[in-house]
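# Tertiary structure, described
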Amino acid sequence: MDGPWGPSSGNNKPGSGGSFSGGGNNDSIDDLLKDLKNKYKFKMPFKGGAKGMSFIILLAIIGWLATGFYRVEPDEQGVELLFGKWNESTTDPGLHYFFPTPIGKVLTPKVEAIRKINVGFRSNGNSTRDVLEESMMLTSDQNISDLDYTVLYRIKDAGQFLFNLRDPEETVKVISESVLREVVGQTNLEGLLTVSRQSVERDSRSLLQELLDEYEVGILIQSIQLQDVNPPKEVIDAFDDVQKARQDKERTVNQAEAYSNRIVPEARGEAEKILQEAEGYRNKLIKQAEGEASRFIQVLNTYLQAKDTTKKRIYLETLRDVLSGSSKIMIDQNSGNGVVPYLPLNELNKNKQVGDN
């Protein structure tokens, strides 16, 4: 009958007491190698069945060892497993070598991809479902808030992410709920709805990152984003009224500040103008007084030097000032008898005034 190497003789039959190490067996190996040569068109470097088989085994071993080379992409980290156990280290991007399969195994998860966890709601396409057991939180003023948020994170250490926890994403969700409840419990509802949103996001992210680092889960929190914050439905109308009142207050304050910014500079400019005019008037009076005083001193000095001349000059100047604005008719007393007894002085004065006009 035929054996595994082709037709066999009676000496090689099972149970016949024959041996497979005889010449017939070597001939069968040579025939097999010849068939392989004819089928795959390669040339055996050695003649003889045993040496040829050793070469094939050597090539197989080299090929198996070559499978230990692996490459880590720029957005990945390499995690090496020896007999299925992590060696507590990760490899950076590039070409590396590790024990080939099945002794060693390498995992290369993506570490730069931003992952997202929704807490308090579930989104499915265009529809959103609220999860009240996750979103209902108690504030510091004993009010209940309905708070939905999203956690954005990425892998910081691939080995810790894969092996230190059974379900890292569920762990992040549960810890984030605890952190948000703690931070919200220290914030009143009014602040949570208005001015404290950013501080709540910032404080929650810091506290969540500290806890995750303590658990060594290999996760880096990028941000916590509050999606929707609402008061209880029973009082939401009252809170809307409060918000409208606050907006009206802010609008009134802004209008008052705008009016103040417009009026105050005008008033300051007007006050500065009045001060400058007063300063100019003061300087004018001072200069005039100084001039009058200087003139008086000069007149006094002149009077002391020549009293009669000064008196006469002052007398003449006084007459000039008094009579310069009045109508005058002068009559020469030495004119003789040719003077008309009646002089129409009033008519002369009227004619003068008409001529002046």
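Residues numbered from 1 in each chain as written. Predicted model: local features only at pLDDT ≥ 70, side-chain atom pairs only at ≥ 80, totals over all residues. Heavy atoms only, no water.

### Side note on the overall build of the protein chain
- Counting secondary structure elements, the protein chain contains 10 helices and 13 strands.
- Put simply, 65% of the contacts in the protein chain that link residues at least 6 apart link residues at least 24 apart.
- As displayed, the protein chain offers around 25700 Å² of accessible surface, 54% of which is attributable to carbon and sulfur atoms. (Helix = DSSP H or I, 4+ residues; strand = E, 2+ residues; numbered from the N terminus. Contact = heavy atoms within 4.5 Å. Areas by Shrake-Rupley, 256 points an atom, 1.4 Å probe, with all protein chains shown as cover.)

### Here we look at the pattern of salt bridges
- Following the criterion strictly, the structure yields 14 salt bridges and no others.
- Among the salt bridges present, the one from K173 reaches E170, with a minimum N-O distance of 4.0 Å. Separated by three residues within a single helix, K173 and E170 lie in helix α5 (residues 168–184), roughly one turn from each other.
- Note on K173: relative accessible area 12%, which makes it buried.
- E317 serves as the salt-bridge partner of R313, at 2.7 Å between the closest nitrogen and oxygen. Note that R313 and E317 are positioned in helix α9 (residues 307–323) at a spacing of four residues, about one turn of the helix.
- E317 sits in the partly exposed class, given a relative accessible area of 25%.
- Each of R122, E134, E170, K173, E177 and R181 takes part in a single network of salt bridges with overlapping partners. (Salt bridge = Lys/Arg side-chain N within 4 Å of Asp/Glu carboxyl O. Buried < 20%, exposed > 50% of the residue type's maximum accessible area, 1.4 Å probe, protein only.)

### Let's talk about the confidence of the model for the protein chain
- Confidence in the prediction of the protein chain, expressed as mean pLDDT, is 78, and 77% of residues score 70 or more.
- In this model, residues 1–25 is a region of pLDDT below 50 whose contacts with residues beyond four sequence positions or in other chains number 15 contacts. (pLDDT = per-residue confidence, 0-100.)

### Quick word on the nonpolar core
- The biggest cluster of nonpolar side chains holds 33 residues, and the ones touching the most others in it are L147, Y149 and L180.
- Secondary structure elements with two or more residues in this core: β4 (78–82), β8 (115–119), β12 (144–155), α4 (158–163), α5, α6 (189–193), α7 (197–215) and β13 (219–230).
- If you tally residues by element for this core, the top one is α5, at six residues. (Core = buried A, V, L, I, M, F, W, Y, C linked by side-chain atoms within 4.5 Å.)

### Quick notes on the packing of helix α8 (residues 236–305) against α9
- In contact at an axis separation of 5 Å, α8 and α9 are set at 130° when each is read in the N-to-C sense. It follows from the interaxial angle that α8 and α9 lie oblique. In contact with V299, T302, Y303 and Q305 of α8, α9 contributes K307, T310, K311, R313 and I314.
- Classifying every residue of the contact of α8 with α9 gives three nonpolar, three polar and three charged. (Axes fitted to C-alpha atoms, helices over the stretch in contact; angles between N-to-C directions. Parallel < 35°, antiparallel > 145°, perpendicular 65-115°, else oblique. Nonpolar A, V, L, I, M, F, W, Y, C, P; charged D, E, K, R; others polar.)

### A closer look at the packing of aromatic side chains
- Applying the stated criterion across every chain yields a total of three aromatic pairs.
- Judged by centre distance (6.0 Å) and plane angle (20°), the ring pair of W86 and F163 falls under stacked. A residue pair is termed long-range when its members are at least 10 positions apart, and W86 in strand β5 (residues 85–91) and F163 in helix α4 qualify at 77 residues.
- Seen in terms of ring centroids, F98 and F99 are 5.4 Å apart; in terms of plane orientation they differ by 75°. Their pairing is edge-to-face.
- Given a relative accessible area of 45%, F99 falls into the partly exposed group. (Phe/Tyr/Trp six-rings, centres within 6.5 Å; stacked < 30°, edge-to-face > 60°.)

### Looking at a nonpolar patch on the surface
- A surface patch of nonpolar side chains, about 840 Å² in accessible area, is lined by M53, I56, I57, I61, W64, L65, F69, L95 and Y97.
- By residue number, the principal contributor to the nonpolar patch is helix α2 (residues 49–66), which donates six residues.
- For I61, the location among the structural elements is in helix α2.
- I61 sits in the partly exposed class, given a relative accessible area of 41%. (Patch = residues over 30% accessible without salt bridge, like charges linked within 9 Å, V, L, I, M, F, W, Y side chains within 5 Å.)

### Observations concerning the packing of α5 against α7
- Where α5 contacts α7, the two axes come as close as 9 Å, and the packing angle between them is 135°. One finds that α5 runs oblique with respect to α7. Like other packed secondary-structure pairs, α5 and α7 cross with a definite hand, here right-handed. Judged by residue contacts, V172, I175, S176, V179, L180, E182 and V183 of α5 engage V200, D203, S204, L207, L208, L211, L212 and Y215 from α7.
- Among the residues making up the contact of α5 with α7, the classes are represented as 11 nonpolar, two polar and two charged. (Left-handed = near helix turned anticlockwise from the far one by under 90°.)

### A few points about the side chain of E80
- Here E80 shows up in strand β4.
- Among buried charged residues, E80 stands out as having no salt bridge; its nearest opposite-charge side chain is K85, 14 Å away.
- There is a polar contact of 2.5 Å between the side chain of E80 and the side chain of Y70.
- Among all residues touching E80, those that are not within four sequence positions of it are Y70, K85, W86, N87, S89, T91, Y97, F98, K105 and V106. (Lys, Arg positive; Asp, Glu negative; His and termini not counted. Polar contact = N/O pair within 3.5 Å; in protein donor to acceptor, adjacent residues only side chain to side chain.)

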